[in-house]
Amino acid sequence: MGKSLQAVRGMSDVLPNQTANFLQVEADLKLLALIYGYREIRLPIIESTALYERTIGETSDIVSKEMYTFEDRNGDWLTLRPEGTAGCLRAGIEHGLFYGQIQKLWYLGPMFRHERPQKGRYRQFTQFGMEVVGTSLPTADVELIAVGARLWKWLNLSDQVRLEINTLGTPAVRESHKKALIQYITPFRDLLDEENLVRLEKNPLRILDSKQDNLQAVIANAPSLQDFLDPESQSHFEKICQGLEALGIAYHINPTLVRGLDYYQHTVFEWITDLLGAQGTLCAGGRFDGLVAELGGEPTPAVGFAMGLERVIALMQNKTDPDPQSPDVFVIVLDQSAATYANTLCEHLRDAIPTLFIANGFYESSAKSQFKRADKSGALWALVIGQSEMESNGVTVKSLREMNGQITLNKVDLIDYFMEQIKEQMNE
Ligand code: HAM
């Protein structure tokens, strides 16, 4: 027998008992996209390597060391997508989606980065992204942040995440800040490791993001981009802040937030949690007004974000919320002759309350083992149906969470009973 093969490091299988959370978050995100008026774009997983070099930036971690790049049989250099924004813009330009209109797009799927795997950091991971292309209005930035805030609300995570925002200003602002930074950091060049030496030449702003210990004091006193902001950049950022305040979305301005991809200008933001250790950024984005032109399209402003679903799910699992695939009601059939009656009763209940999740245990094992299964399922109630229930056209409802809670009801009262229970749960 050959040695059994294993999944590639950093690329996880998602097993049947782990897919429930994915299904829930994906369904919520698709619904959010729909109600905010975003349309899906499906993009190839492989693009030409040049696309990422031109957009994400040569000195970025992603391009300099994390891409899965290979030469195909024709000698073309191709890369497994490390993110979705570049491909999304490439497709929009190629198919003329951006002429004279605002496009609100979303995408969902696997991304690939050859990073060192650890909790919350994988070599294949799943991003949900949203991009608004064709407007420079701060309302678009704010709307994208509001989508995130609503998702946290739906997932009951609002109190576990915080929003950090910053502005990187216009390209001209960045240019003058860059000059000042080079001037400031050059006397300390002996402290820089190889990677930061390259950054000093090409993109000194990224040095501020460095974790190098002996650089922290230098970083702390570096000229701040904030001091270089022109009125245009300031006004855009103020409108973002006002927009968020108007929606009651709390934010924290973090002047050191610069992001690891080169294409941003003006707004950058991240949704962060402190509960997942080092990989706490759940969702990140910002404005990339120069990128469409950079890729050969007409100058077109744009803003967007991407969310790492594995991290969102890890946060959901951190909580002790009930399993989203637990039924509300588990049906226990005590007697073979009552099986059809039990089925019709379930259908009757589903007609009346379509959102009630009813699992039928079927009559295939002893009452005792059916009760065990009911308990294990996480259901809140058991419906017990035997001969006497069938003869009286009723059902026994047993609460599985409260001791001795049991009541026998007729079909009509059963519906009222569950309507009442659902209302009570919503008020809790
Ligand atoms: P990013 O910050 O590189 O931005 O990634 C966005 C999110 O993807 C991160 O906040 C994180 O949740 C998740 N993520 C990134 N790398 C990994 C990994 N190795 N393992 C697990 N999750 C990961 C972008 O990709 C931009 N395209 C976002 C954007 C869209 N900006 C504008 N539009």
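Residues numbered from 1 in each chain as written. Predicted model: local features only at pLDDT ≥ 70, side-chain atom pairs only at ≥ 80, totals over all residues. Heavy atoms only, no water.

Enquirer: Can you help me understand the packing of aromatic side chains in this one?
Expert: Each aromatic ring pair is described using two quantities: the centre-to-centre distance and the angle formed by the ring planes. Applying the stated criterion across every chain yields a total of eight aromatic pairs. Centroid distance tryptophan 381 to phenylalanine 418: 5.1 Å. Interplanar angle 80 degrees. Geometry classified as edge-to-face. Of the two residues, tryptophan 381 sits in strand β14 (residues 381-385) while phenylalanine 418 sits in helix α15 (residues 411-427), which places them 37 residues apart along the sequence. Residue classification places phenylalanine 418 among the buried residues on the basis of a relative accessible area of 0%. Following the ring pairs from residue to residue traces out a cluster consisting of Trp106, Phe128 and Phe305. (Phe/Tyr/Trp six-rings, centres within 6.5 Å; stacked < 30°, edge-to-face > 60°. Helix = DSSP H or I, 4+ residues; strand = E, 2+ residues; numbered from the N terminus. Buried < 20%, exposed > 50% of the residue type's maximum accessible area, 1.4 Å probe, protein only.)

Enquirer: What is the right way to read the packing of helix α1 (residues 19-35) against helix α11 (residues 309-318) from this model?
Expert: Between two packed helices, both the angle of their axes relative to each other and the distance between the axes serve to describe the pair. Where α1 meets α11, the axes come as close as 10 Å, and the angle between the chain directions of the two elements is 115 degrees. For the crossing formed where α1 meets α11, the hand is right-handed. Taken together, the residues of α11 that come into contact with α1 (itself represented by Asn21, Phe22, Gln24, Val25, Glu26 and Leu29) are Leu309, Glu310, Val312, Ile313, Met316 and Gln317. Of the residues that constitute the contact of α1 with α11, the class distribution is seven nonpolar, three polar and two charged. (Axes fitted to C-alpha atoms, helices over the stretch in contact; angles between N-to-C directions. Left-handed = near helix turned anticlockwise from the far one by under 90°. Contact = heavy atoms within 4.5 Å. Nonpolar A, V, L, I, M, F, W, Y, C, P; charged D, E, K, R; others polar.)

Enquirer: In this structure, what is going on with the sheet that holds strand β2 (residues 46-48)? I would like to understand it.
Expert: Paired through their backbone hydrogen bonds, the strands of a sheet run either parallel or antiparallel. What the three strands build is an open sheet, ordered β2-β4-β3; its pairing is antiparallel. Each edge of the sheet is formed by a strand with only one pairing partner; in this case those strands are β2 and β3 (69-71). On average, each strand axis in the sheet is tilted by 35 degrees relative to the strand beside it, whichever way the strands run. With three bridges joining them, β2 and strand β4 (residues 77-80) adopt antiparallel strand pairing. Each bridged residue has a counterpart across the sheet, and for glutamate 47 the counterpart in β4 is threonine 79. (Pairing = 2+ DSSP bridges.)

Enquirer: For this particular structure, what's the right way to read the nonpolar core?
Expert: Most often, soluble globular proteins keep nonpolar side chains buried together rather than apart. Among the nonpolar cores identified, the biggest contains 46 residues, and Ile41, Ile56, Leu89, Ile185, Leu205 and Tyr263 are the most heavily contacted of them. Beyond its immediate stretch of four places on either side in the chain, isoleucine 41 contacts Cys88, Ala91, Leu97, Leu105, Trp106 and Tyr107. Residues Phe22, Ala33, Ile240 and Leu244 belong to the second largest nonpolar core, which totals 43 residues. (Core = buried A, V, L, I, M, F, W, Y, C linked by side-chain atoms within 4.5 Å.)

Enquirer: Sorry if this is basic, but what is going on with the site of the ligand here?
Expert: Around the ligand, 26 residues are found, and the nearest of them are Glu83, Glu115, Tyr122, Glu131 and Tyr264. Within the side chain of arginine 259, a nitrogen or oxygen atom sits 2.9 Å from an oxygen atom of the ligand. For the ligand, a nitrogen atom lies 2.9 Å from a polar atom in the side chain of tyrosine 263. Mapped onto the shell around the ligand, the elements with two or more residues apiece are β6 (124-133), β10 (281-287) and β11 (302-308). In terms of residue class, the shell around the ligand is made up of 11 nonpolar, eight polar and seven charged. (Near = heavy atom within 4 Å. Polar contact = N/O pair within 3.5 Å; in protein donor to acceptor, adjacent residues only side chain to side chain.)

Enquirer: Which parts of the structure should I look at to understand the pairing of strand β9 (residues 265-272)?
Expert: Regular strands place their side chains on alternate faces of the sheet. Most of β9 is tucked away: eight of the eight residues are buried. With six bridges connecting them, strand β7 (residues 162-167) and β9 associate as antiparallel partners. When the sheet's bridge partners are listed, isoleucine 165 is paired in β9 with phenylalanine 269. Relative to β10, β9 runs antiparallel, the two being bridged by six bridges. Residue pairing in the sheet places phenylalanine 269 in a bridge with glycine 285 of β10.

Enquirer: Looking at this model, I keep getting lost on the sheet that holds strand β5 (residues 103-112). Mind explaining?
Expert: If you trace the eight strands from one edge of the open sheet to the other, you get β1-β5-β6-β11-β10-β9-β7-β8, paired in mixed fashion. Each edge of the open sheet is held by one strand with a lone partner, namely β1 (39-40) and β8 (252-253).

Enquirer: How should the side chain of aspartate 289 be read in this particular structure?
Expert: Note on placement: aspartate 289 falls in the loop between β10 and α10 (291-294). Residue aspartate 289 is classed as buried on the basis of its relative accessible area of 17%. A distance of 2.8 Å separates the side chain of aspartate 289 from the side chain of arginine 287, its partner in a polar contact. With residues near it in sequence (within four places) discarded, aspartate 289 still touches Gln265, His266, Thr300, Pro301 and Ala302.

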